[in-house]
Amino acid sequence: MLQRHLQNLGRSWVAHAEHQESLYMNKHIFRYPWFSGPYNWAAYPPQLNWISHTLFGPSNTPFQRPPSLPGQATQAAWFHFSNFNMASNGDEPAPKRVKSSSTEDRSGRKPSPNSSYSQTKDFTVPTLYDSQVSFPPTYPVTSTYFDGGVNRRWEDFSQFYAERCEGEKRHLRTTEHFDFTVMSYNILSQDLLEDNFYLYSHCRRPLLFWSYRLPNILKELKEMGADILCLQEVQEDHYRTQIKPSLEALGYHCEYKTRTGTKPDGCAICFRSSMFDLVMVKPVEYYRPDIALLDRDNIALVLLLRPKGQQDLSYICVANTHLLFNPKRGDIKLTQLAILLAEIGGVALLKDKQFCPIVLCGDFNSVPGSPLYRFIKEGMLNYKGMTIGKVSGQEKYPRGQRTLTRPIWPKRLGISQSCTFEPTEGSEKTGESLKEETLKEESIENETSENLKEESTEKETSETLIPNRKTESSLQHHFSLSSVYSHFFPETGVPEITTSHSRTALTVDYIFYSAARNDIFAQSGADVSCGGLHLLGRLSLLTEQDLWSINGLPNENNSSDHLSLLAKFRLVK
């Protein structure tokens, strides 16, 4: 053991070195305009390189030359400066997750030591219509942006298709078709990162600065080269001055919807102008000032696209959303989803009363096999006696919570239990009656809050809370949607992961789509027209063990706490 004065001297030296390094970064790095090219890291002073080597080790240098930007902005813009007061338990990368029972996550609850969702028996490997053809355990492997880390496989399904429409048996390649790729990606808003910095204690602080993250994100978007990008947690100022100009330089047309309220992020849908014509844009706000249940600021964005030069092919409806995170408020999540499905129905409905193919992307803050997930895929949900904490499946032990009210939302929202628009009753009511109903809903919310505090048992039914409400207890929608991913690896049964940080690792991100009848991932017995989509391929996900082998998310090469999802579809005439 060193004597105390020697220990203090060592701490002083390290503090001085970090201070000098910080001063240099402020003077030379963070004042450097991002649009004019990456910083010349070769000019990094030798004395600071020596400090970096001493503090972090030779294999984990804190500052490496960032990848070149995929596109140059058309106007001047500056880096977003990260908050240097962000607390950290240490800059050294942790060999595994830091598990703490004293830190609360975004919902305000204490995370459990093992918060990954458990495998459920309803996960099944999609089977081909030809029982003689087996589903391959592995697919062709291609290298991706995990430089020196774990490679993600491109899984090609195109060889297993044969078109079977109205009794005809023709190979899929012989028909008129349109191929396109879709990417869904929660890029992690910088403001949310800094507000929840404790979630990223495994990651060295310099890797969390926006000046480091932006080039990584843009590089990944360019390398993936998707025809349609659905992005969540896109910070508005970064979108306007950096992300949108860069994507427009790559040939994308971009649409954006920011969240209501004070949060500065939102959702963006960008598509290649050379491949699609924009027919309709529908921004969706879930917030309703006159409905107590809908007091959250989440949003969605719905686009109607038409393949360029393909007059005989159908439109494509693309929707992107980020649902409420709070695991305890499944009632809000289901209501937000119902609003989105109603809006999609209005956009995707064609003149012949049929729906065009739908691609639904986003961060749904719900795990595979949960009631909300099953509702999207199966089109039906009986929620009688279901507690609000069970809807998303994020909580393993949702105790002391009330059951979902029946119906979940008031009729004056104008959304039916079939997730379609219907005439509202508000136009026929006086202002006094509307005020009375609003006050009644607020009293219900207050009563719910008290029940949560007192940890009331699940035996309390919705009838005791709201005796005058109807006893409808089922939801449905009219779309036949399938998931691009099967959410576990068929050869091992290990769950796939789409998001990971210091406190958890699970799946909350999805790409759902209208599957054609002979699509290998189509729901069994689904009533799908031959004008649906065929899933031709997808970029594989990773296991939790894979992610921690590259130090979790974010890390040196991946600058979000979510993985990107990528799928290739074929639209057939």
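The rules behind these values
Residues numbered from 1 in each chain as written. Predicted model: local features only at pLDDT ≥ 70, side-chain atom pairs only at ≥ 80, totals over all residues. Heavy atoms only, no water. Core = buried A, V, L, I, M, F, W, Y, C linked by side-chain atoms within 4.5 Å. Buried < 20%, exposed > 50% of the residue type's maximum accessible area, 1.4 Å probe, protein only. Helix = DSSP H or I, 4+ residues; strand = E, 2+ residues; numbered from the N terminus. Contact = heavy atoms within 4.5 Å. Polar contact = N/O pair within 3.5 Å; in protein donor to acceptor, adjacent residues only side chain to side chain. Phe/Tyr/Trp six-rings, centres within 6.5 Å; stacked < 30°, edge-to-face > 60°. Pairing = 2+ DSSP bridges. Axes fitted to C-alpha atoms, helices over the stretch in contact; angles between N-to-C directions. Expected span 1.5 Å × (residues − 1). Right-handed = clockwise from strand over helix to strand, strands pointing away. Parallel < 35°, antiparallel > 145°, perpendicular 65-115°, else oblique. Left-handed = near helix turned anticlockwise from the far one by under 90°. Nonpolar A, V, L, I, M, F, W, Y, C, P; charged D, E, K, R; others polar. Bend = angle between axes of the 7 residues up to and from the residue. Salt bridge = Lys/Arg side-chain N within 4 Å of Asp/Glu carboxyl O.

1. Some words on the nonpolar core
Here is step 1: Membership of the largest hydrophobic core comes to 65 residues, with the highest contact counts inside it found for Phe180, Ile228, Leu229, Phe276, Leu535 and Phe569.
Here is step 2: The dominant element in this core, judged by the number of residues it contributes, is helix H4 (residues 210–224), at six residues.
Here is step 3: Residues in contact with Leu229, not counting those within four places in the same chain, are Met183, Leu221, Leu247, Tyr252, Ala268, Ile269 and Cys270.
Here is step 4: Listed in part, the 47 residues of the second largest apolar core include Ala319, Ile332, Leu337 and Ile358.

2. Section: the side chain of Asn518
Here is step 1: Mapped onto the elements of the fold, Asn518 is located in the loop between strand S17 (509–514) and strand S18 (533–539).
Here is step 2: Of note is the side chain of Asn518, whose polar atom sits 3.0 Å from the side chain of His534.

3. Focus: the packing of aromatic side chains
Here is step 1: Scanning all chains against the criterion turns up 14 aromatic pairs.
Here is step 2: Judged by centre distance (6.4 Å) and plane angle (90 degrees), the ring pair of Phe271 and Phe276 falls under edge-to-face.
Here is step 3: A relative accessible area of 2% places Phe276 in the buried class.
Here is step 4: For the pair Phe364 and Phe512, a centre-to-centre distance of 5.6 Å together with 80 degrees between the ring planes defines the contact as edge-to-face.

4. A few points about the sheet that holds strand S10 (residues 316–322)
Here is step 1: Strand order in the open sheet made by the six strands is S8-S9-S10-S11-S17-S14, with mixed pairing throughout. The open sheet terminates on both sides in strands that have one partner only, identified here as strand S8 (276–285) and strand S14 (481–483). Each adjacent strand pair in this sheet contributes to an overall mean axis angle of 20 degrees, direction not counted.
Here is step 2: Summarising the sheet, S10 and strand S11 (residues 358–363) pair through six bridges and their orientation is parallel. Bridge assignment links Asn320 to a residue of S11, and that residue is Cys361.

5. Concerning unusual backbone geometry
Here is step 1: Residue Pro407 follows Arg406 across a cis peptide bond; omega there is -5 degrees.
Here is step 2: Inspection of the secondary structure assignment puts Pro407 in the loop between strand S12 (380–382) and helix H8 (431–454).
Here is step 3: Here Leu553 and Pro554 are connected by a cis peptide whose omega angle stands at -10 degrees.
Here is step 4: Relative to the helices and strands, Pro554 resides in the loop between helix H10 (544–549) and strand S19 (565–572).

6. A short note on the sheet that holds S18
Here is step 1: Taken in spatial order, the seven strands make up an open sheet running S1-S18-S19-S4-S5-S7-S6, and their pairing is mixed. For this open sheet the edge positions go to strand S1 (154–156) and strand S6 (252–258), each flanked by a neighbour on one side alone. Taking the axes of each pair of neighbouring strands and ignoring which way they run, one obtains an average angle of 20 degrees across the sheet.
Here is step 2: As paired strands, strand S4 (residues 177–186) and S19 are joined by eight bridges and run antiparallel to one another. Residue pairing across strands places Val182 opposite Ala567, the latter belonging to S19.
Here is step 3: In the packing of H4 onto the sheet, the strands contacted are S4, strand S5 (228–235), S18 and S19, and the crossing angle to S4 comes to about 165 degrees.
Here is step 4: Contacting S5, S6 and strand S7 (265–272), helix H5 (residues 236–249) runs over the sheet at an angle of about 165 degrees to S6.

7. Focus: H4
Here is step 1: A rise of 1.5 Å per residue sets the reference length of H4, with its 15 residues, at 21 Å; its end C-alpha atoms lie 21 Å apart and thus fit the reference within 8%.
Here is step 2: Across the 15 residues that make up H4, a large majority, 12, are buried.
Here is step 3: Residues of H4 that are buried: Trp210, Ser211, Tyr212, Arg213, Leu214, Pro215, Asn216, Ile217, Leu218, Glu220, Leu221 and Met224.
Here is step 4: As for H4, its buried residues are in contact with S4, helix H3 (190–195), S5, H5, S18 and S19.
Here is step 5: Gly225, located one to two residues past H4, shows a positive phi value of around 60 degrees.

8. Topic: the pairing of S10
Here is step 1: Counting buried residues in S10 gives seven out of seven residues, a clear majority hidden from the surface.
Here is step 2: Burial along S10 is two-sided: Ile316, Val318, Asn320 and His322 facing one way and Cys317, Ala319 and Thr321 facing the other are all buried.
Here is step 3: As judged from the six bridges shared by strand S9 (residues 299–307) and S10, these two strands associate in the antiparallel manner. Across the sheet, residue Leu301 finds its bridge partner in S10, namely Asn320.
Here is step 4: On the question of chirality, the crossover connecting S10 to the parallel S11 by way of helix H6 (residues 330–348) is right-handed.

9. Describing the packing of H4 against H5
Here is step 1: For the pair H4 and H5, interaxial distance at closest approach is 11 Å and the crossing angle is 30 degrees. Viewed along their axes, H4 and H5 adopt a mutual orientation that is roughly parallel. In the packing of H4 onto H5, the handedness of the crossing is right-handed. Residues Trp210, Leu214, Leu218 and Leu221 of H4 form the contact with H5, whose participating residues are His238, Gln242, Ile243, Ser246 and Leu247.
Here is step 2: Here the residues of the contact of H4 with H5 sort into six nonpolar, three polar and no charged.

10. Things to note about H5
Side chains that are three or four residues apart share a direction in an α-helix, a result of its 3.6 residues per turn.
Here is step 1: Given a rise of 1.5 Å per residue, 14 residues ought to cover 20 Å, and the 18 Å separating the end C-alpha atoms of H5 matches this to within 8%.
Here is step 2: Along H5, the sharpest kink reaches roughly 40 degrees, centred on Ile243 and followed within four residues by the proline Pro245.
Here is step 3: Where H5 is concerned, the buried positions are His238, Tyr239, Gln242, Ile243, Pro245, Ser246 and Leu247.
Here is step 4: Those residues of H5 that are buried are in contact with H3, H4, S5, S6 and S7.
Here is step 5: Looking one or two places after H5, you find Gly251, whose phi comes out positive at around 95 degrees.

11. Remarks on the pattern of salt bridges
Here is step 1: Within this structure, the stated rule accounts for 15 salt bridges.
Here is step 2: In this structure, the salt-bridge partner of Lys308 is Asp277, at a minimum N-O distance of 2.3 Å. Here Lys308, found in the loop between S9 and S10, pairs with Asp277, found in strand S8; they are 31 residues apart in sequence, far enough to count as distant.
Here is step 3: When salt bridges with common partners are traced through the structure, they connect Arg153, Glu155, Glu491 and Arg538 into a single cluster.

12. Things to note about the side chain of Ser500
Here is step 1: Here Ser500 lies in strand S15 (residues 499–500).
Here is step 2: Look at Ser500 and you get buried, because its relative accessible area is 0%.
Here is step 3: When residues no more than four places from it in sequence are discounted, the contact partners of Ser500 are Ala505, Leu547, Trp548, Leu553 and Asp561.

By themselves these figures say nothing about function.
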